[in-house]
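Secondary and tertiary structure notes
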Amino acid sequence: MQIRGNKVKFEIINFKNIFQSKIMNHKTLVNKAFEAKKNALPPYSHFHVGAALLTEDDKVYLGCNIENSSYSLTICAERTAIFKAISEGERKFKAIAIASDSPDYITPCGACRQIIYDHCGEIDIICTNKDGDYKIFKTSELLPHAFGDEDLKK
Ligand SMILES: [Zn+2]
């Protein structure tokens, strides 16, 4: 797989590590991410992204990317979903699915990887392609050697 010119090695995680849920599986969460993508507002990049964040007690928060005329104010789908959930009092998460129209598996940007690490911890990050196929990574795989709150205490 090639992302922005760099070779990235992908591995599918052992399914024993997958989150436990009675009502939600990975495919269902993927479908929710595609549903969230419908609300994306990217008038400049035209790159529509949706995210679906699963809480510890199986609630799902949806997010989409929202672009602004001052480009740096843009927010990604993942962060929209995470900030929505946190603002509703949620603190524990199991997984996030991300969807776009790309033929490649979409992965979180660097900023979102940090936010996922800080607020979600070691969760399943479900990266889809436009056909709904997906690969699952753990947070530590996408952001190895992360800086976090523990480092602030040293
Ligand atoms: Zn992002």
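**Observations concerning the nonpolar core**
Ala51, Ala52, Leu53, Ile96, Ala97, Ile98 and Ile126 are the most contacted members of the largest nonpolar core, which has 37 residues in total. When residues in this core are grouped by element, the largest group, six residues, is from strand β5 (residues 93–100).

**Considering the packing of helix α2 (residues 77–87) against helix α3 (residues 110–120)**
The interhelical angle for the contact between α2 and α3, taken along N-to-C directions, is 25 degrees, at an axis separation of 10 Å. As summarised for this structure, α2 and α3 are arranged roughly parallel, according to the angle between their axes. Note that α2 runs across α3; the crossing there is left-handed. Residues Glu78, Arg79, Ile82 and Ile86 of α2 lie in contact with α3, whose contacting residues are Cys112, Ile115, Ile116, His119 and Cys120.

**Some words on α3**
Buried residues of α3: Cys112, Ile116 and Cys120, and no others. What you see down the axis of α3 is that its buried residues fit within an arc of 45 degrees, all on one side. Seen from the buried face of α3, the exposed residues on the opposite side, beyond 90 degrees, are Gly110 and Ala111. On the buried face of α3, the contacting elements are α2, β5, β6 (124–128) and α4 (139–142). Looking at the residues trailing α3, positive phi occurs at Gly121, about 75 degrees.

**Description of the environment of Cys64**
Within the fold, Cys64 resides in strand β4 (residues 60–64). By C-beta crowding, Cys64 is classed as buried, having 24 other C-beta atoms within 10 Å. Taking C-alpha positions, Cys64 is 8.9 Å from Ala52, a pair spaced twelve residues apart along the chain. Those residues in contact with Cys64 that sit more than four places away from it in its chain are Ala36, Lys37, Asn39, Ala40, Leu41, Val49, Gly50, Ala77 and Thr80.

Rules of the game
Residues numbered from 1 in each chain as written. Predicted model: local features only at pLDDT ≥ 70, side-chain atom pairs only at ≥ 80, totals over all residues. Core = buried A, V, L, I, M, F, W, Y, C linked by C-beta atoms within 7 Å. Buried ≥ 20, exposed ≤ 12 C-beta atoms within 10 Å, placed from the backbone. Helix = DSSP H or I, 4+ residues; strand = E, 2+ residues; numbered from the N terminus. Axes fitted to C-alpha atoms, helices over the stretch in contact; angles between N-to-C directions. Parallel < 35°, antiparallel > 145°, perpendicular 65-115°, else oblique. Left-handed = near helix turned anticlockwise from the far one by under 90°. Contact = placed C-beta atoms within 7 Å. Arc of directions from axis to C-beta.

Don't take any of this as a statement about function, it's just geometry.
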